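Chain by chain, the residues:
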Amino acid sequence: LRALMRELAFRRAVRRMGEPFYLVCGYGDSGSMAVRGLSKVGRRSVVIDIDEKRHQILALEDLQQPVPGLCADAGCPDSLLTAGLQSRYGVGILALTDDDNANLQITLTARLLRPDLPVIARAETPQAVDNLRAVGANHILNPFDLFTRVLRHAIHAPSLYMLDELLTSAPHEALCARVAPPRGHWILSGYGRFGQAVHRALRGEGITCTVIEEDPRLQQLVPGALLGRGTDAGLLERAGIRQATVLVAGTDNDTTNLSMVLIARQLNPDVFVVARQNHGENTPNFVAARIPLVLQRGRVLAGEVFSIVTAPLIVEWLEW
């Protein structure tokens, strides 16, 4: 009964919306940051997320305008219709769930039921990118490609990196300091999707790199890669941490990445650190670690969404 009452209240709130709004599917790190950024500039949002805990967080948010939230599967057409997919005030869909298949279903439903509505969709694999392109997503955001853009700018044009951050960050995000990772020899720990994207970027910049990976199948993809974990001091020694200029802590585990940073600094206090942050709740730890360049998936995605919504030519202009 309580669930039914909440859904009825949600339907009324959506029907009463008399101004343009974005339908945000997924209220994780990227979705919540995008909603906060849109709220700061007076843009309305409606949220769908399957996780009840995230709706409790949404209810406690101090936002400029109220944001109705529906606890449901965003990949289900009925959920999208309930959330106002066909409302004349809907101006766009943000498919930001952490499930590539769900984002594809959302995009497909939008194309069939509301073909005029722009769709910004998140995709984390090349196959998902191709699928979204095939069904007509207007903007496809791959966080690993966005990471490499940030990293390339920081390497060869630190001031461009600062300009990128300034123009694409959401309004509530603190501005970054100028960073300039040295070239020299890099150590990259973690050769998953993130590590592979970083490795391609480093090759493009002509930077040599030693890869550490604990999965034998991935380790074999790179000639000379070391098998093991980056938290192993002996393995870091073999990788040349004492002479390395930069360490990239790029696994999908924040605890592992932070441990690696602390161990590497004991062996080489001067090493420049680039770290991957996977979850927003770990931000205090990353701030306390004083890591010069942190690549946080939610923040990068939210910044890209915000720039597309408010000034869609900024990214193209920066690349030019």
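Residues numbered from 1 in each chain as written. Predicted model: local features only at pLDDT ≥ 70, side-chain atom pairs only at ≥ 80, totals over all residues. Heavy atoms only, no water.

Things to note about the overall build of the protein
Now for step 1: The helix and strand inventory of the protein stands at 15 helices and 12 strands.
Now for step 2: By the compact-globule yardstick of 20 Å for 320 residues, the protein fits well, its C-alpha radius of gyration being 21 Å.
Now for step 3: By principal-axis analysis of the C-alpha atoms, the protein measures approximately 65 × 40 × 40 Å.
Now for step 4: Split into buried and exposed, the 320 residues of the protein put 53% on the buried side.
Now for step 5: For the protein, restricting intrachain contacts to residue pairs at least 6 apart in sequence, the fraction spanning at least 24 positions comes to 62%.
Now for step 6: Averaging the coordinates of the 33 positive side-chain charges in the protein and doing the same for the 33 negative ones gives two points 3 Å apart. (Helix = DSSP H or I, 4+ residues; strand = E, 2+ residues; numbered from the N terminus. Rg over C-alpha atoms; globule rule 2.2 N^0.38 Å. Buried < 20%, exposed > 50% of the residue type's maximum accessible area, 1.4 Å probe, protein only. Contact = heavy atoms within 4.5 Å. Lys, Arg positive; Asp, Glu negative; His and termini not counted. Charge placed at Lys NZ, Arg CZ, Asp CG, Glu CD.)

Here's the deal with the sheet that holds strand β3 (residues 69–71)
Now for step 1: The sheet built from 6 strands is open, its strands ordered β3-β2-β1-β4-β5-β6 with parallel pairing. Two strands close off the open sheet at either side, each with one partner strand: β3 and β6 (139–141). Each neighbouring strand pair of the sheet contributes to a mean axis angle of 15°, computed without reference to strand direction.
Now for step 2: In this structure, strand β2 (residues 44–49) lies alongside β3, joined through 3 bridges in parallel fashion. When the bridges of β3 are listed, V47 appears paired with G69. (Pairing = 2+ DSSP bridges. Axes fitted to C-alpha atoms, helices over the stretch in contact; angles between N-to-C directions.)

As for helix α2 (residues 29–40)
Now for step 1: The terminal C-alpha atoms of α2 lie 17 Å apart, and with 12 residues this matches the ideal 16 Å at 1.5 Å per residue to within 8%.
Now for step 2: For α2, the tally of buried residues reaches 9 of 12 residues, placing the bulk of the element in the interior.
Now for step 3: Residues S30, G31, S32, M33, A34, V35, G37, L38 and S39 constitute the buried set of α2.
Now for step 4: The inward-facing, buried residues of α2 abut β1 (21–25), β2, β4 (90–95), β5 (119–122), β12 (293–296) and α14 (297–310).
Now for step 5: A positive backbone phi angle near 80° is found at G42, which sits one or two residues after α2. (Expected span 1.5 Å × (residues − 1).)

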